Amino acid sequence: MKVEDVRKCSFEKWYNAFTKVTIKSIILPLPDGFTSYILKDGIFLPKSSKEQCIAKRNSSDSEEEEVWEDSEEADVSEVPHFADFDKSIQDAIKTLGGKVFPKLNWSSPQDASWISFNNSCCCESVSDVYLLLKSSDFIVHDLTQRFLKCEDFVTDEESNKLMPDQEVEKFYLILRKWREIDTSGEFRCFIVNNTLIGISQREPSAYFEHIGRYKSDIVEDIVSFYQTHIHLKFPATNYVFDVYRRIKGRVCLIDFNPFGSVTDSLLFSWDELNSDSIKVDENRLPEFRFVDDNHGVQPRSLSYHAVPRDIVDISTGEDSFKLVDLLKMKIDEQKSSEDDENI
């Protein structure tokens, strides 16, 4: 996997060529300072998003709301302001029907869905979008480590020395029209030398009885879709793409991904995919892998991200200092409560 292979999978590079077979989306260039805002520690929303976020919070506990407002006032010097960008997001959400799925060039903030008010990546406001982006490790990876596993990767500093006049990497916020997707209809496809060699069930943590029953129809539809709409149209010979097959004969392109370990190989292994062990038979049908019984399910890849990173570190003992900080915070809260009772 090379740097250029990853760049070819950046959303803005391929979307216009496949608009007829994918979900309607709007691409917005990130404004100056936005990347720094995303990478800055702490979760604080732009000024224009405060009222939206506060209004959505459960206001049954007035004291909790007061703490929220006080903390915002304390951090007012750090709160960014992206008025034009906020307006562009609002307009895009309206254009796309009022609900959107956000992502950057490559990744979506699915690992941060636990923090959203609806426990999903469905966004209806600017604050929804910002909250997910600001809480996601996947988004940070896009911004800082997108080429890390590429064989020809060099650091930005080294790259500037080699090619001082090179174009700076541009980042985009992509807002996709929200669609309710049945995970049993999602599949990942692996292309080697412009040949579809493998198809995997996209969600290996679940068993769907009907996949085995209709496996021939599923493979037939995906192969037909690939040959008609993607073969030799995507500018790479090795790559991965995801599709959603809702009903027989209806396949929708979801995304393109680099062919390499940065992409989850699901029910295959990268050793298999990089070797000759997976053969396309004489009918040129790819190997199709799916969970064929309840004993074959695998842990959900996003489960690790279903709770805040700090909590994971504490529970696994990886960061004892966070545990000390948490205990100190609890002691301070208890002392404060006792002081209030004595007043």
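Heads up: the structure comes first, above all this text.
Residues numbered from 1 in each chain as written. Predicted model: local features only at pLDDT ≥ 70, side-chain atom pairs only at ≥ 80, totals over all residues. Heavy atoms only, no water.

**So, the pairing of strand E3 (residues 172-177)**
For the record, the criterion: For the exposure calls, accessible area comes from a 1.4 Å probe over protein chains only, and a residue counts as buried if that area is under 20% of its type's maximum, exposed if over 50%, partly exposed in between. Helical segments are the DSSP runs of H or I of at least four residues, strand segments are the runs of E of at least two, and each set is numbered from the N terminus. Strand pairing is assigned whenever DSSP detects at least two bridges linking the two strands.
With 5 of 6 residues buried, E3 is to be regarded as a mostly interior element. Bridging between strand E1 (residues 25-29) and E3 involves 5 bridges; their strand directions are antiparallel. What sits directly across from proline 29, in E3, is tyrosine 172. As paired elements, strand E2 (residues 100-103) and E3 share 4 bridges and run antiparallel to each other. Paired with valine 100 across the two strands is lysine 177, which belongs to E3.

**Quick word on the packing of aromatic side chains**
So the rule is basically this: Here is the rule: rings of Phe, Tyr and Trp (six-membered ring for Trp) pair when centre to centre is within 6.5 Å. Planes less than 30 degrees apart are stacked, more than 60 are edge-to-face, and the remainder are tilted. Cation placement over rings: the criterion is NZ of Lys or CZ of Arg within 6 Å of the ring centroid and within 35° of the ring normal.
Under the counting rule described, the total for this entry stands at 25 aromatic pairs. Measuring from centroid to centroid gives 5.1 Å for phenylalanine 34 and phenylalanine 85, while their planes differ by 70°, and the two rings are edge-to-face. Of this pair, phenylalanine 34 sits in helix H3 (residues 34-39) while phenylalanine 85 sits in helix H6 (residues 83-95), and the two are 51 residues apart along the sequence. By the burial criterion, phenylalanine 34 is buried, and phenylalanine 85 matches it. Between the NZ or CZ atom of lysine 134 and the centre of the ring of tyrosine 37, over which it lies, the distance is 5.4 Å.

**Focus: the environment of isoleucine 211**
Defined as follows: Whether two residues are in contact is decided by their heavy atoms, any of which lying within 4.5 Å being enough.
The residue isoleucine 211 is located in helix H10 (residues 209-213) in this model. Residue classification places isoleucine 211 among the buried positions, given a relative accessible area of 0%. The spatial distance from the C-alpha of isoleucine 211 to the C-alpha of glycine 185 is 8.6 Å, given a sequence separation of 26 residues. Apart from residues no more than four positions distant in its own chain, isoleucine 211 is found in contact with Ser184, Phe187, Gln201, Ile218, Phe288 and Phe290.

**As for the pattern of salt bridges**
Close approach of charged atoms lets side chains of opposite charge pair. In plain terms, the rule: Whenever Lys or Arg places a side-chain nitrogen within 4 Å of a carboxyl oxygen from Asp or Glu, that contact is recorded as a salt bridge.
The full count for this structure, using the stated rule, is 11 salt bridges. Between glutamate 4 and arginine 7 there is a salt bridge, and its shortest N-O distance comes to 4.0 Å. Linking glutamate 4 with arginine 7, this pair stays in helix H1 (residues 3-8), spanning 3 residues, or about one helical turn. When its relative accessible area of 42% is taken as the criterion, glutamate 4 is described as partly exposed. Residue arginine 7 is classed as partly exposed on the basis of its relative accessible area of 25%. For arginine 213, the salt bridge goes to glutamate 209, with nearest N and O atoms at 2.1 Å.

**A word on unusual backbone geometry**
In this structure, leucine 232 is a non-glycine residue whose phi angle is positive, near 65°. Positionally, leucine 232 belongs in the loop between helix H11 (215-230) and strand E6 (239-247). Backbone geometry at leucine 266 places phi at a positive 55°, although glycine is not the residue there. Inspection of the secondary structure puts leucine 266 in the loop between strand E7 (250-258) and helix H12 (270-273).

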